[in-house]
Amino acid sequence: FDLAFRRAKLPLAFSQGFSPASLLSFGKALPVGVASRAEWLGLTLREELDPAEIAARLRGKLPRGMEVLYVERLAMHKHLPQAVAETYTLEFLPPVRQNDATDPAGETSLAAWRAFAAEEHRAWVRETKKGPREYDLRAFFPEITVLADGNKEYLRLTFDWTRDYVSPLALVLAVTPNSSVERVLLTKIAQTF
């Protein structure tokens, strides 16, 4: 990112010390295999610039596939706020191997999600570094919506991080443990702060 910011001629602020680094902050790291269309980046500048000017300077300078959606001025804090909720789409992909006939269109997985959405609570035990920890799995999902695009159905899931953060992929696989990671397409589409 440093190169993109230099190309945009943004007056980045740097840390002190022997090897100064630009003062950048990012949100929670995405789990491997999870895509995103809604990431944020916090940067500290040496001089105050209008948010519209920052967006204009960055346009076309970021790595391929990345674009600035909006820029917001934040008050100076030691730590930037993290998202309290995130919204994802979830699709079940066809089998990787052609001879794999198990749930080719993901109907079984979608049925499991419909049943889960109707539940008020579901106990879930997760192994952590400090030993097993019990959660109410349903509390992580305040919104579960089944959507259709032509003949294909998929889900829109909102994750609630106010109590705790757990990998969204781990939560998805806890609801549908028979789904394999290579058949799940999970994409972040929004964050709430």
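Preceding this paragraph is the structure being described.
Described in the following lines is the structure provided in the data block. (Residues numbered from 1 in each chain as written. Predicted model: local features only at pLDDT ≥ 70, side-chain atom pairs only at ≥ 80, totals over all residues. Heavy atoms only, no water.)

Comments concerning helix H3 (residues 107–118)
- A rise of 1.5 Å per residue sets the reference length of H3, with its twelve residues, at 16 Å; its end C-alpha atoms lie 17 Å apart and thus fit the reference within 8%.
- For H3, the set of buried residues is Ser-109, Leu-110, Trp-113 and Phe-116. Around the axis of H3, the buried residues are gathered within 120 degrees of arc, so they sit on the same side. Residues Glu-107, Thr-108 and Ala-118 are exposed on H3 and point more than 90 degrees away from its buried face. (Helix = DSSP H or I, 4+ residues; strand = E, 2+ residues; numbered from the N terminus. Expected span 1.5 Å × (residues − 1). Buried < 20%, exposed > 50% of the residue type's maximum accessible area, 1.4 Å probe, protein only. Arc of directions from axis to C-beta.)

Side note on the side chain of Glu-91
- Mapping Glu-91 onto the fold places it in strand S4 (residues 85–92).
- A polar contact of 3.1 Å, which involves the side chain of Glu-91, links it to the side chain of Lys-152.
- With residues near it in sequence (within four places) discarded, Glu-91 still touches Lys-152, Tyr-154, Arg-183, Val-184 and Leu-185. (Polar contact = N/O pair within 3.5 Å; in protein donor to acceptor, adjacent residues only side chain to side chain. Contact = heavy atoms within 4.5 Å.)

Some points on the nonpolar core
- Residues Leu-90, Trp-113, Phe-141, Leu-157 and Leu-171 are the most contacted members of the largest nonpolar core, which totals 25 residues.
- Elements that contribute at least two residues to this core include exactly S4, H3, strand S8 (152–160), helix H4 (168–175) and strand S9 (184–192).
- Per-element tally for this core: the top contributor is H4, with five residues.
- In this structure, Leu-157 is in contact with Glu-86, Thr-87, Tyr-88, Leu-90, Trp-113, Phe-141, Glu-143, Ile-144 and Val-172, ignoring residues within four places of it in sequence. (Core = buried A, V, L, I, M, F, W, Y, C linked by side-chain atoms within 4.5 Å.)

Description of the sheet that holds strand S2 (residues 34–36)
- In spatial order, the strands read S2-S9-S4-S8-S7; together these five strands make up an open sheet with mixed pairing. Edge positions in the open sheet fall to S2 and strand S7 (143–149), since each of these has one partner strand only. For this sheet, the mean angle separating the axes of adjacent strands, direction not counted, is 25 degrees.
- Judged from the eight bridges that link them, S4 and S9 form a sheet pairing that is antiparallel. Opposite Tyr-88, over in S9, you have Lys-188 as the bridge partner.
- The sheet contacts of H3 involve S4, S7 and S8, and relative to S8 the element is tilted by about 40 degrees. (Pairing = 2+ DSSP bridges. Axes fitted to C-alpha atoms, helices over the stretch in contact; angles between N-to-C directions.)

Focus on unusual backbone geometry
- Located in the positive-phi region is Lys-9, a residue other than glycine, with phi close to 55 degrees.
- Considering the arrangement of structural elements, one finds Lys-9 in the loop between helix H1 (2–7) and strand S1 (24–26).

Regarding the layout of surface pockets
- By volume, the largest pocket is sized at about 1700 Å³.
- Lining the largest pocket are 47 residues, with Trp-40, Leu-41, Gly-42, Leu-43 and Glu-72 sitting closest to its centre.
- Of all the secondary structure elements, the ones that give two or more residues to the lining of the largest pocket are S1, strand S3 (41–43), helix H2 (51–58) and S9. (1 Å grid on protein atoms, 1.4 Å probe; cavity = no way out; pocket = protein on both sides within 12 Å on 5 of 7 lines; lining within 4 Å. Points joined across faces, edges and corners; volume = space filled by probe spheres on them.)

As for the side chain of Arg-138
- As for its placement among the helices and strands, Arg-138 is situated in the loop between strand S6 (131–136) and S7.
- The charged side chain of Arg-138 is buried without a salt bridge, its nearest counter-charge being Glu-119 at 6.6 Å.
- Engagement of the side chain of Arg-138 in a polar contact is seen with the backbone oxygen of Phe-141, the distance being 2.2 Å.
- Beyond its immediate chain neighbours, meaning those up to four positions away, Arg-138 contacts Phe-116, Ala-117, Glu-119, Glu-120, His-121, Arg-122 and Ile-144. (Lys, Arg positive; Asp, Glu negative; His and termini not counted. Salt bridge = Lys/Arg side-chain N within 4 Å of Asp/Glu carboxyl O.)

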